[in-house]
Amino acid sequence: MVDHLQASDYENLFSLFNNLYPLKEEIKTAIIANSEVIKVTKKVKLLNAGERSNTIYFILKGAARIFYLDKDGKETNTWFLFENELLISVYSFYTGKPSFEYIETLEDCTLIAVKKDRLDELYLKYLEFNFSGRKLTEFYHMRNEIQANELRMFSAKERYHKLLERTPQLLSKGIIGTHCFLFRGHTRNFKQNQKAKMIF
């Protein structure tokens, strides 16, 4: 379902970019013209493993997760994303190769969607926009590095508490159940033990 494009829908996205590098009005107009605002319901898969990712999303409202399946079909969550965050399968989007991940909404969502070819056109036409794109790429790369370092350095319990510190929306949105315990590096025993200890 596609909404009528309204500049007000883009205020938070433009604020994110402006914090990195001021956007000219013509770039804002071009972003609106080359994207769409969509609404999707809970538990919709925006991307399946084996598909090529050609869309990047900005979450206006709602929550989503990125996960993969191991050889036994067990789910492992790698990312939880919320309002005012970008939603993307990084490997597939930038390489054009099939994704090994799934992207699924955890709530009814309102998203800004931009196709990769449109984004590339914006980068070519507005060179200063490349700076914002690079800074955002660096930011999400560092987030991924933090998670990778935690996997190597901390116990499952420590990683669990750091996850809650980093993403308190997991509590406020009630996503603290199975999805949270299936975050990467957590074992089934840890899940069972934590459920026995935690009272909400």
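Check the entry above for the structure.
Predicted model only: the values in this text are computed from it and were never measured.

Looking at helix α1 (residues 11–18)
Looking only at α1, the buried set comprises L13, F14 and F17. The arc that holds the buried residues of α1, viewed along the axis, is 95 degrees, so those residues lie on one side.

Topic: the pattern of salt bridges
Counted according to the given criterion, the structure contains nine salt bridges. The shortest N-O distance in the salt bridge between K135 and E138 comes to 3.3 Å. Of the two residues, K135 and E138 are both situated in helix α5 (residues 129–153); the distance of three residues between them amounts to about one turn of the helix. Residue class for K135 comes out partly exposed when judged on its relative accessible area of 30%. Salt bridges sharing common partners tie together K45, R65, E75 and E104.

A few points about helix α6 (residues 156–166)
The complete set of buried residues in α6 reads A156, R159, Y160, L163 and L164. One side of α6 holds all its buried residues, which, seen down the axis, span an arc of 140 degrees.

Some words on the layout of surface pockets
When its volume is computed, the largest pocket comes out at roughly 600 Å³. Every element with two or more residues in the lining of the largest pocket is listed here: α1, β3 (55–61), β5 (75–81), α3 (90–95), β8 (109–115), α4 (116–125) and α5. Per-element accounting of the lining of the largest pocket gives the leading share, seven residues, to α5. Residues of the lining of the largest pocket, tallied by class, amount to 23 nonpolar, six polar and two charged. In this structure, the second largest pocket spans a volume of roughly 240 Å³. As for the second largest pocket, its lining consists of 16 residues, of which N54, T55, Y57, A113 and K115 are closest to the centre. The element best represented in the lining of the second largest pocket is β8, accounting for three residues. Classifying every residue of the lining of the second largest pocket by side-chain character gives seven nonpolar, five polar and four charged.

Calculation rules
- Residues numbered from 1 in each chain as written.
- Predicted model: local features only at pLDDT ≥ 70, side-chain atom pairs only at ≥ 80, totals over all residues.
- Heavy atoms only, no water.
- Buried < 20%, exposed > 50% of the residue type's maximum accessible area, 1.4 Å probe, protein only.
- Helix = DSSP H or I, 4+ residues; strand = E, 2+ residues; numbered from the N terminus.
- Arc of directions from axis to C-beta.
- Salt bridge = Lys/Arg side-chain N within 4 Å of Asp/Glu carboxyl O.
- 1 Å grid on protein atoms, 1.4 Å probe; cavity = no way out; pocket = protein on both sides within 12 Å on 5 of 7 lines; lining within 4 Å.
- Points joined across faces, edges and corners; volume = space filled by probe spheres on them.
- Nonpolar A, V, L, I, M, F, W, Y, C, P; charged D, E, K, R; others polar.

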